[in-house]
Amino acid sequence: MSAVEIAGRYQLQGRLGFGGMSTVHLAFDQRLERRVAVKLLAEHLADDPTFVSRFQREAQAAARLIHPNIVQIFDSGRDDRSGQYFIVMEYIEGSSCAEILRDDGWLEVDEAVAIIEQACEGLHYAHRHGVVHRDVKPGNLLRSRDGEVKLADFGIAKATEQSSITQVGSVLGTAAYLAPEQARGEEAGPRADLYALGVVAYQLISGRLPYEASSLTELALKQQQEEPAMLDTLVAAVTPELAEAVAIALSLDLRERYGTAREMGRAMSDGAHGISPAQPSAASHRPRATDATSVLTQAPRSSARGAAGRTRAGTGASPVVPRQPRRGPARAARPNPVAQSAPRPQRSPASRAWLTLLGLLALGGIIAAIVFATSPAPTKITLRNVVYSDVQESAEALKQLVSENTK
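The residue numbers shown here count from 1 along each chain, following its written sequence. With the structure being a predicted model, the display of local features is reserved for residues of pLDDT at least 70 and the display and counting of side-chain atom pairs for 80 or more, all residues being used for whole-chain, interface and lining totals. Side-chain metrics rest on all non-hydrogen atoms present in the structure, leaving aside hydrogens and water.

## Digging into the overall build of the chain
Part 1 of the reasoning: If you tally the helices and strands in the chain, you get 13 helices and nine strands.
Part 2 of the reasoning: By residue count, 45% of the 407 residues in the chain fall in the buried class.
Part 3 of the reasoning: Any two residues whose heavy atoms approach within 4.5 Å are treated as being in contact. For the chain, restricting intrachain contacts to residue pairs at least 6 apart in sequence, the fraction spanning at least 24 positions comes to 67%.
Part 4 of the reasoning: When the accessible surface of the chain is summed, it comes to about 21300 Å², and 52% of that surface belongs to carbon and sulfur atoms. In DSSP terms, a helix is any run of H or I states spanning at least four residues, a strand is any run of E spanning at least two, and both are numbered starting from the N terminus. When a residue's accessible area, from a 1.4 Å probe over protein chains only, is under 20% of the maximum for its type it is buried; when over 50% it is exposed; and in between it is partly exposed. The Shrake-Rupley method, run with a 1.4 Å probe sphere, supplies the accessible areas, and residue values consider only the shown protein chains as cover.

Put into structure tokens, the structure is as follows:
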């Protein structure tokens with residue numbers, strides 16, 4: 001584009017990224033004198049009236065989301081000179097998770113969990129305000145240089161949901177991040193965002209996707225026929241509890257996923273520290289039966305990924321070759337104060353035998369003393385050597401001696 005300015009206010013300075021739907025530029029807001037990011041939507045979008053109306057409505061809804069973990073939208077509209085639709089956003093100096101995966105392949109467990117926790121907070125806030133992202137993927141998770149994570153592109157996916165653009169799949173991006181209900185063409189709710197974020201978590205930690213698919217049809221078939229390998233079978237530093245927490249987010253049945261994004265974030269944090277995730281709260285609704293679901297259920301498979309029913313790698317799943325050098329030292333389990341208490345020393349059988357003998361001798365002495373003290377007349381005391389090598393013999397002899405002296 002030859003224009004230097006957008007809407008007579010935003011001076012373009014360089015391209016930050018591009019995709020099938022848009023191009024993002026670093027720009028300078030001449031009115032407020034600050035750097036911003038300007039997303040120019042592809043020109044063909046302006047020809048779709050359904051998109052235009054929904055885009056304007058959803059852009060306004062997204063602009064009302066003000067949260068530390070959501071990219072703030074400052075402005076949106078249509079440039080009179082070029083006819084392009086634009087969105088002016090907060091500029092984040094850093095990298096997207098897509099760039100991190102491209103450059104590094106994966107992240108350390110603690111680093112990945114920190115990203116997902118922050119993304120969960122952003123999603124939780126948006127869901128509480130009635131906004132579903134519908135396009136959570138690594139490219140829409142931005143991490144600033146100081147480690148703050150922000151979700152971008154709220155509202156755009158919904159704006160194109162019912163337009164002809166959706167038919168070619170340009171808005172939904174990679175099929176791998178779509179929840180099963182989205183792949184079936186059903187309405188995407190908050191738990192679809194949690195599924196997508198679970199895929200992102202799986203990819204950030206392991207460096208691979210739970211399902212490798214190039215189309216919605218292939219993705220749907222793999223979801224029904226295969227179990228993704230549990231993360232702790234791919235990465236040694238992943239605790240079984242964290243692997244379980246991610247697997248819950250990837251449940252095919254949306255009722256078995258987390259009830260809220262915050263619940264998912266807490267489960268991820270707990271799992272990283274060896275604490276088993278709590279059972280997700282049940283959904284108040286049930287998925288609708290559709291023609292698409294009847295087709296996909298031809299290959300029956302248990303969608304329950306409960307604590308006792310999760311399968312590991314190699315059980316009904318395609319063989320998985322761990323990427324190297326991911327199998328480092330395993331994460332140390334959280335110390336258990338009860339287990340660390342010093343064990344009580346155990347006595348040997350010989351020690352216990354001598355203690356028993358000494359106790360019997362003492363008891364015999366006490367009884368003899370009592371008899372002597374309470375006798376009205378001089379009493380004849382019988383003494384005998386009752387020391388034997390065997391404890392049982394000594395005890396019997398002592399009883400006999402006490403009996404003789406108490407008659």
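## What about the packing of helix H6 (residues 190-206) against helix H9 (residues 261-272)?
Part 1 of the reasoning: Orientation is described by axes fitted as lines to C-alpha atoms, over the contacting stretch for helices, and by angles from 0 to 180 degrees between their N-to-C directions. At a minimum axis separation of 11 Å, H6 and H9 run at an interaxial angle of 25 degrees. Taken together, the axis directions place H6 and H9 in an arrangement best described as roughly parallel. Note on packing geometry: the crossing formed by H6 with H9 is right-handed. Within the contact between the two elements, H6 uses Leu-194, Leu-197, Gly-198 and Ala-201 and H9 uses Ala-261, Met-264 and Met-268.
Part 2 of the reasoning: A per-class count over the contact of H6 with H9 returns six nonpolar, one polar and no charged. The cut-offs work like this: below 35 degrees is roughly parallel, past 145 is roughly antiparallel, 65 to 115 is roughly perpendicular, and the gaps in between are oblique. In this scheme, a crossing is called left-handed if the near helix is turned counterclockwise away from the far one by less than a right angle; it is called right-handed if the turn is clockwise. In this classification, the charged set is Asp, Glu, Lys and Arg, the nonpolar set is Ala, Val, Leu, Ile, Met, Phe, Trp, Tyr, Cys and Pro, and all remaining amino acids, among them Gly, are polar.

## Some remarks on the pairing of strand S4 (residues 34-41)
Part 1 of the reasoning: Summarising burial for S4: six of the eight residues are buried, a large majority.
Part 2 of the reasoning: Here the rule is simple: two strands pair whenever DSSP picks up at least two bridges between them. When strand S3 (residues 22-29) meets S4, the two strands line up antiparallel, connected through eight bridges. Paired with Ala-27 across the bridge in S4 is Val-36.
Part 3 of the reasoning: Counted along the chain from S3 to the antiparallel partner S4, the turn is four residues long, and its residue Glu-33 has a positive phi close to 55 degrees.
Part 4 of the reasoning: Relative to strand S6 (residues 85-90), S4 is paired through five bridges, and the arrangement is antiparallel. Paired with Val-36 across the bridge in S6 is Glu-90.

## Considering the sheet that holds S6
Part 1 of the reasoning: Spatially, S1-S2-S3-S4-S6-S5 is the arrangement adopted by the six strands of the open sheet, whose pairing is antiparallel. The two strands at the open ends of the sheet, each matched to only one other strand, are strand S1 (5-6) and strand S5 (73-78).
Part 2 of the reasoning: In terms of strand pairing, S5 meets S6 through five bridges, oriented antiparallel. By the bridge assignment for S6, Ser-76 is matched with Ile-87.
Part 3 of the reasoning: Against the sheet, helix H1 (residues 49-63) engages S4, S5 and S6, with an angle of about 15 degrees to S6.

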